[in-house]
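Residue-level structure breakdown
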Amino acid sequence: MLSKQIPKDVVLELGKDVLFHFSGEVIQDSYVLYQKGAVYNINVENKTVTGSVSEEGEYAVSLDLEHFSESSCSCTSSVPCIHKLAVFFQLYASFGPPYQLILDWKSKRGKQKTEQQETMVPPAIHPESNDRKTETGTKKRVIQNVLSVNEWKKAFDQRFEDFEKNKMQNLTFKELERGEGYTFTHIHREFYPGLLNAASFLDDDVGKLYRFHAQLETFLRLAQYEKQYGVPEYLASHFKLNLSQLVDGMFKSAMDIDAEKLKSEHRDLIEESLREFQNIFTLPARYFDIIFRVFQVGWATIYHVDQWVAAYEKQLVKEKEKGSRAQFLDMALVHFAFLRDDLTEAFERMEKTEQFSSRHALIWLELLFHWGKWESLLKWLLALKKEFYKKTRDYYQDASVREQFHQYIEYFWKYAQYTGEEKEYEQMLVDCLPVTFYEYNEFLHVQQDFRRWVELQILMGYSPSLINGTDLKEVEQLDMEVLLPLYHQSIDRLIREKNRKSYKLAIRFLKKLQSIYKKLDRTVQFDDYIEKLATQYARLRAFQEELRKGKFIHD
């Protein structure tokens, strides 16, 4: 690994300034090359890095990490080329995300331009500058125990206006177009923390609701930023990560709120909250899958008032009957059936929409587990079993399928742990073999059902050398007799492979088997087994030699 071949501090230190050797266009093109996997054959010798880059030809690059300006490339470019930087991005990826270099570069360039402007323009030209700072400071609304989402929203709007003015005031149009000096990361790193720190409440649950809306506001502002300025392709994954982090935060905020207490004490506040929450419907369709988790948890906790659910569901059904094909509408109707605990209706609606998937159904399991509704949790676990069983077809091809499937298994396991009822969980593990092997293996081991544990190893074709040594040793200590079939079948399979390496491993297993028979006081039975084995495979000369070396037979 590159991270072990070269000191980390050397690469990180160079990363602080390396982009200033290149133009903005070169940086973008270099990053595209790196992302496409065009860099290969990276080698390190002392503080020199060599590599190859494929870009309408093959180019050899040599980077001098101590004197970067002396680096070389086989291309004919007279200026610092894209190939050098692409190789450096590949090197840097072993220590940190390369996109962070670009963000830091943009930030530093913005600061440099600001400093240059301050030295070139006399203060007298802008006599209002100090007054503006004071005015901006006074405009910021400090929220102290304000029980109104509408007032929160006014404060959010004012803060964002001040934030954006501060970011934009020194930018030219071209810089703005390129996203330099002001990016979506500033919204997430600066505007968002500012919202969180701008309020205090006597009621802790009101504070959590405020946090929920601060996170929602930031999400909406990021979506607005993308629509207005766009997000470069090389930063798209980072942008989506910011959105996902906000959704995770909103989900946690909603789950942490004592919703029943809040609804009983501050009903008007919750009604205001719901009206503001409906702004998620103004988002483009591509955001729906990301934020639908928040829709689910919001209606399951904060806004779960029976008459509200019934009224809103009725409204959506009418829109559906009028011919609406809105993606969010169909997904919402499935979730409202869950909120009414109508399993049949939920699955009928689920079958009619491709958008609502088993991934969204996992949220139901998380909610039921959070509420401790064990009977309902089992009911929905069993109902979803068929859906998740289907996923085993793509288990080995799709990482997301594996992740979702094991999340489902985990909720089944949690149900068994909290209720002590393990029958349904075990049956699910059996039905879904072989993809549930590790879970079933652990289950049988914890239950100390070692006979079936051994049967599982044999079924999966596992020999003792492939089994966790600690598990094997524990079984031997508690019930060594059950291991006999495992060793016998493994030895027979190894001999049938008919090669010297397999014979040697078979002899190793025979010695272990001999030890077990001796401890069981059944050495005569083992001697009979060796005699039959030697006779059965008498024509396998190499195996006979290994038996002699192991002192199991003699000339």
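From a predicted model like this one, the values you see are computed outputs, not experimental measurements. (Residues numbered from 1 in each chain as written. Predicted model: local features only at pLDDT ≥ 70, side-chain atom pairs only at ≥ 80, totals over all residues. Heavy atoms only, no water.)

In space, the four strands of this open sheet follow the order S1-S2-S3-S4, with antiparallel pairing throughout. Each edge of the open sheet is held by one strand with a lone partner, namely strand S1 (39-45) and strand S4 (72-73). Here strand S2 (residues 48-54) pairs with strand S3 (residues 58-64) via seven bridges, running antiparallel. Paired with Val53 across the two strands is Tyr59, which belongs to S3. Strand contacts of helix H4 (residues 82-92): S1, S2, S3 and S4, with the helix running at about 65 degrees to S3, the strand carrying the most contacts. (Pairing = 2+ DSSP bridges. Helix = DSSP H or I, 4+ residues; strand = E, 2+ residues; numbered from the N terminus. Contact = heavy atoms within 4.5 Å. Axes fitted to C-alpha atoms, helices over the stretch in contact; angles between N-to-C directions.)

This next bit is on helix H26 (residues 500-519). Across its 20 residues, H26 extends 29 Å between first and last C-alpha, which sits within 8% of the 28 Å expected from 1.5 Å per residue. Residues of H26 that are buried include every one of Ser502, Tyr503, Ala506, Ile507, Phe509, Leu510, Leu513, Ile516 and Tyr517, and no others. Contact partners of the buried residues in H26: helix H25 (484-496), helix H27 (523-536) and helix H28 (541-549). Two to three positions downstream of the cap, the backbone nitrogen of Lys501 sits 3.2 Å from a side-chain oxygen, assigning the N-cap of H26 to Asn499. One or two steps after H26, the chain reaches Asp521, where phi turns positive at roughly 60 degrees. (Expected span 1.5 Å × (residues − 1). Buried < 20%, exposed > 50% of the residue type's maximum accessible area, 1.4 Å probe, protein only. Polar contact = N/O pair within 3.5 Å; in protein donor to acceptor, adjacent residues only side chain to side chain.)

So, on to the pairing of S1. Pairing between S1 and S2: five bridges, direction antiparallel. Bridging from a neighbouring strand, Asn43 pairs with Thr50 of S2. Here S1 folds back onto S2 in antiparallel fashion, the turn holding two residues, of which Asn46 has a positive phi close to 55 degrees.

Applying the stated criterion to the full structure yields 57 aromatic pairs. Ring geometry for Phe219 versus Tyr287: centroids 6.0 Å apart, planes at 70 degrees, classification edge-to-face. Of the two residues, Phe219 is situated in helix H10 (residues 204-229) and Tyr287 in the loop between helix H13 (267-277) and helix H14 (288-300); the sequence distance between them amounts to 68 residues. Neither Phe219 nor Tyr287 differs from the other in exposure class; each is buried. Here Phe292 and Phe328 contribute two aromatic rings whose centre-to-centre distance is 5.5 Å and whose plane-to-plane angle is 90 degrees, an arrangement assigned as edge-to-face. Within this pair, whereas Phe292 is found in helix H14, its partner Phe328 is found in helix H16 (residues 327-339), the two being separated by 36 residues in sequence. This pair shows no difference in class: Phe292 is buried, exactly as Phe328 is. Between the NZ or CZ atom of Arg293 and the centre of the ring of Phe251, over which it lies, the distance is 4.6 Å. (Phe/Tyr/Trp six-rings, centres within 6.5 Å; stacked < 30°, edge-to-face > 60°. Lys NZ or Arg CZ within 6 Å of the ring centre and 35° of its normal.)

To continue, consider the packing of helix H7 (residues 149-168) against helix H9 (residues 184-196). As a packed pair, H7 and H9 sit with axes 11 Å apart at the nearest point and diverge in direction by 140 degrees. The pairing of H7 with H9 is recorded here as oblique in orientation. The chirality of how H7 crosses H9 is right-handed. Of the residues in H9, those in contact with Phe156, Arg159, Phe160, Phe163 and Lys167 of H7 are His186, Ile187, Glu190, Phe191, Gly194 and Leu195. Partitioning the contact of H7 with H9 into residue classes produces six nonpolar, two polar and three charged. (Parallel < 35°, antiparallel > 145°, perpendicular 65-115°, else oblique. Left-handed = near helix turned anticlockwise from the far one by under 90°. Nonpolar A, V, L, I, M, F, W, Y, C, P; charged D, E, K, R; others polar.)

A few words on the side chain of Asp64. Mapped onto the fold, Asp64 is located in strand S3. No salt bridge is formed by the buried Asp64, whose closest oppositely charged neighbour, Lys47, lies at an N-O distance of 8.7 Å. Within polar-contact distance, the side chain of Asp64 engages the backbone nitrogen of His67 at 3.0 Å. With sequence-adjacent residues up to four places away left out, Asp64 is seen in contact with Lys47, Glu70 and Ser71. (Lys, Arg positive; Asp, Glu negative; His and termini not counted. Salt bridge = Lys/Arg side-chain N within 4 Å of Asp/Glu carboxyl O.)

Quick look at the side chain of Lys84 now. Inspection of the secondary structure puts Lys84 in helix H4. Excluding anything up to four places from it in sequence, Lys84 contacts Phe22, Val61, Leu63, Ser71, Ser72 and Cys73.

Applying the stated criterion to the full structure yields 36 salt bridges. Between Asp157 and Arg221 there is a salt bridge whose closest N-O contact spans 2.9 Å. Of this pair, Asp157 sits in helix H7 while Arg221 sits in helix H10, placing them 64 residues apart in sequence. Judged by its relative accessible area of 31%, Asp157 falls in the partly exposed class.

Core analysis: the biggest nonpolar cluster contains 182 residues, and Phe88, Trp152, Phe277, Phe295, Trp299, Leu483 and Leu510 have the highest contact counts within it. Broken down by element, this core gets its largest block of residues, 11 residues, from H10. Look past the residues within four positions of Phe277 in its chain and what remains in contact with it is Phe212, Leu216, Val294, Phe295, Trp299 and Tyr303. (Core = buried A, V, L, I, M, F, W, Y, C linked by side-chain atoms within 4.5 Å.)

Listed in full, the buried residues belonging to H28 are Phe543, Gln544, Glu546 and Leu547. Buried residues in H28, looked at end-on, bunch into an arc of 160 degrees, giving them a common side. Exposed residues lying more than 90 degrees from the buried face of H28 are Arg541 and Lys549. Its buried side turned inward, H28 meets H25, H26 and H27. Looking one or two residues beyond H28, the residue adopting positive phi is Lys551, at roughly 60 degrees. (Arc of directions from axis to C-beta.)

Attention now goes to the confidence of the model for the chain. Segments scoring low in pLDDT should not have their predicted coordinates read at a detailed level. This prediction gives the chain a mean pLDDT of 86; 90% of its residues lie at or above 70. Confidence over residues 114-139 falls short of pLDDT 50; this stretch has seven contacts with residues more than four positions distant or in other chains. (pLDDT = per-residue confidence, 0-100.)

Turning our eyes to something else, we now look at the environment of Leu533. Among the structural elements, Leu533 can be located in helix H27. As for Leu533 and Ile507, which are separated by 26 residues in sequence, their C-alpha atoms are 12 Å apart. Residues in contact with Leu533, not counting those within four places in the same chain, are Ile491, Ile495, Leu510 and Phe543.

Glancing now at the packing of H7 against H13. Working note: a packed helix pair is described by the angle between its axes plus the distance between those axes. Between H7 and H13, the shortest axis-to-axis distance is 8 Å and the interhelical angle comes to 45 degrees. Between H7 and H13, the angle falls in the class oblique. Between H7, through Val149, Asn150, Trp152 and Lys153, and H13, the contact on the second element is made entirely by Leu269, Glu272, Ser273 and Glu276. For the contact of H7 with H13, a count of residues per class yields three nonpolar, two polar and three charged.

Here the focus is unusual backbone geometry. Here the bond from Leu433 into Pro434 is cis, since omega is 10 degrees, no more than 30 degrees from zero. Summarising the element assignment, Pro434 is placed in the loop between helix H21 (423-431) and helix H22 (437-447). Backbone geometry at Gln448 places phi at a positive 60 degrees, although glycine is not the residue there. Following the sequence through the fold, Gln448 ends up in the loop between H22 and helix H23 (450-459).

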